[in-house]
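Structure assessment
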Amino acid sequence: MPDRNKIAVIVAGGSGLRMGSAIPKQFMEIGGKPVLHHTINAFRTAYPDIRIVLVIPEAHSAFIAPLLVSFDEPPSMTIVHGGETRFHSVKNGLATITAPAVVFVHDGVRALISPELVRRCCEGALAKGNAIPAIEVKDSLREVDDEGNLAVDRSRFRIIQTPQTFLSEQLLPAFEQPYDPLFTDEASVAERFGAEIHLVEGEERNIKITRPLDLAIAEVFLKK
Ligand SMILES: Nc1ccn([C@@H]2O[C@H](COP(=O)(O)OP(=O)(O)OP(=O)(O)O)[C@@H](O)[C@H]2O)c(=O)n1
Ligand SMILES: C[C@](O)(CO)[C@H](O)COP(=O)(O)O
C-alpha cells in the first residue's frame, strides 16, 4: 500500500466531571505543560508529518492559545468543536477528513501513550484495516445481575484502549450510522457496520486520566 497520510483525531470534548477540577482535565498541567501537549507530542514523535484534528468544546476555546504556545514548534492542527457524546465528538472530527488516510482516534486524556504504540497501531491498520490496542485483565472479574454475582474467566476479556486506528474508508462510512448508546468506542461503531476488529498489544501505562489518582500517576511518568 502506498504511503498514506496520517491523521490523529484527538477527542478532548468531554467535561471531565469525575476529575472535579476547576480547569478541564485535558488542559491541566503536568510537568509545566497541558495534558494535551503530552498527548499531541507522542503522535508527532511517532510521525512528524501527522495532521492533528483536535476536538474540544466551544466553551473551552480560551485554552487553545496557551496550548499552542506550550510547543516550541506549534503542530499543524485543525480545531473542531465537540459534540454531545464521545461518538458525536469523533464524528465532528472525522468530518474534516476528505482523502484516504490512516486515522487514529485517541482520547486526549491518554497522555502517557508512547510513540511505539502509535506506530504499532498504524502498522496493524495498514495490514488489517483496523488496529485496536488492548491489554489483559489483572484483577478477578465477577458478573453481577439482579440475582447475585458469579465468577467469570478473566482470560476471555481484554481492556480496550485508544488510539483506535483505521483506514479511513472503513471508519468514515461506519460513522454514518445513527447513534446508539452502546457505541462507547470506534471499534463498536465499525463492528456494527460489519468490520472484523483486530486487537494489538496496548500499554499498561496508557491510562485514561479520569480521576485525581490518575493525574497523580501521570505526574510520576511525565514530570521532568
Ligand atoms: N462529548 C464528549 C465526551 C468525551 N469526549 C472525550 O472522550 C475522552 C474519554 O472520555 P472521558 O475521559 O470519560 O472524559 P469526560 O467525559 O470528560 O469525563 P467525565 O465522564 O468524568 O465527565 C476524553 O478525552 C473526552 O474529552 C469528547 O470528546 N466528547
Ligand atoms: C474509548 C475508550 O477510552 C476505550 O476504553 C472508552 O470506551 C471511553 O469511554 P468513556 O466512557 O467515553 O470515557
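Residues numbered from 1 in each chain as written. Chains lettered and ligands numbered in written order. Predicted model: local features only at pLDDT ≥ 70, side-chain atom pairs only at ≥ 80, totals over all residues.

As a reminder, the rule being used: UniProt positions are given in the numbering used here, feature names are shortened, and annotations may be inferred rather than shown by experiment.
Under an unreviewed UniProt entry, the name given to the protein is 2-C-methyl-D-erythritol 4-phosphate cytidylyltransferase, and the source organism is Chitinophaga caseinilytica. Under Function (unreviewed entry), UniProt gives the following word-for-word description of the protein: "Catalyzes the formation of 4-diphosphocytidyl-2-C-methyl-D-erythritol from CTP and 2-C-methyl-D-erythritol 4-phosphate (MEP)." As recorded by UniProt, the Sequence similarities (unreviewed entry) comment attached to the protein reads in full: "Belongs to the IspD/TarI cytidylyltransferase family. IspD subfamily."

**Description of the overall build of the protein**
What counts is decided by this rule: Helix and strand definitions follow DSSP, with helices as H or I runs of at least four residues and strands as E runs of at least two, each counted in order from the N terminus. When we talk radius of gyration, it's over C-alpha atoms, and the globule rule is simply 2.2 Å times the number of residues to the 0.38. Residue pairs are scored as contacts if the distance between their C-beta atoms, which are placed from the backbone, is within 7 Å.
Looking only at helices and strands, the protein has seven helices and 12 strands in total. The C-alpha radius of gyration computed for the protein amounts to 17 Å, which stays within 12% of the reference 17 Å derived for 224 residues, consistent with globular compactness. Taking contacts inside the protein between residues at least 6 apart in sequence as the whole, the part at least 24 apart equals 73%.

**As for the site of ligand 2**
Using the following cut-off: Each residue gets a C-beta atom placed from its backbone. If that atom is within 6 Å of a molecule or strand, the residue is near it. Gly counts as polar in this scheme, as do all residues outside two lists: the nonpolar Ala, Val, Leu, Ile, Met, Phe, Trp, Tyr, Cys and Pro, and the charged Asp, Glu, Lys and Arg.
Taken together, Arg86, Asp107, Ile160, Gln161, Thr162, Thr184, Asp185 and Lys208 make up all the residues around ligand 2. The residue inventory of the shell around ligand 2, partitioned by class, reads one nonpolar, three polar and four charged.

**Here we look at the UniProt feature "site: Transition state stabilizer" (unreviewed entry) in the protein**
Going by this rule: Here the C-beta atoms are placed from the backbone, and a residue counts as buried if at least 20 other C-beta atoms lie within 10 Å of its own, exposed if 12 or fewer do, and partly exposed otherwise.
If you check UniProt for "site: Transition state stabilizer" (unreviewed entry), the listed places come out as Arg18 and Lys25 in our numbering. Along the polypeptide, Arg18 turns up in the loop between strand S1 (5-11) and strand S2 (29-30). Exposure remark for Arg18: the 13 C-beta atoms within 10 Å place this residue in the partly exposed category. In this structure Arg18 touches Thr210 and Arg211, once residues within four positions along its chain are discounted. One can find Lys25 in the loop between S1 and S2.

**Some points on the site of ligand 1**
In the neighbourhood of ligand 1, 21 residues make up the surrounding shell, with Val11, Gly13, Gly14, Arg18 and Ser89 lying closest. Among the residues forming the shell around ligand 1, the class breakdown is five nonpolar, 11 polar and five charged.

**Digging into the environment of Ser188**
Mapped onto the elements, Ser188 comes out in helix H6 (residues 186-192). Expressed as a C-alpha distance, the spacing of Ser188 and Ala174, which sit 14 residues apart in the sequence, is 9.7 Å.

**Observations regarding the UniProt feature "site: Positions MEP for the nucleophilic attack" (unreviewed entry) in the protein**
Mapped onto this structure's residue numbering, the UniProt feature "site: Positions MEP for the nucleophilic attack" (unreviewed entry) falls at Arg154 and Lys208. Residue position: Arg154 is located in the loop between strand S9 (148-152) and strand S10 (158-160). Leaving out residues up to four positions away in the same chain, Arg154 has contacts with Val137, Ser140 and Leu141. Relative to the helices and strands, Lys208 is located in the loop between strand S12 (199-201) and helix H7 (212-222).

**Regarding the nonpolar core**
How we decide: Note on terminology: a nonpolar core is any set of buried Ala, Val, Leu, Ile, Met, Phe, Trp, Tyr and Cys residues joined through C-beta atoms within 7 Å.
Counting residues in each nonpolar core, the largest one holds 50 residues, and the members touching the most others are Ala8, Val9, Ile10, Phe43 and Val118. Counting residues per element, this core draws most heavily on helix H1 (residues 35-46), at six residues. Not counting residues within four places of it along the chain, the set of residues in contact with Ala8 comprises Phe43, Ile50, Ile52, Val53, Phe104, His106 and Pro163.

**Considering the environment of Glu29**
Inspection of the secondary structure puts Glu29 in strand S2. Each C-alpha atom, one on Glu29 and one on Lys223, is 10.0 Å from the other, the two residues being 194 residues apart in sequence.

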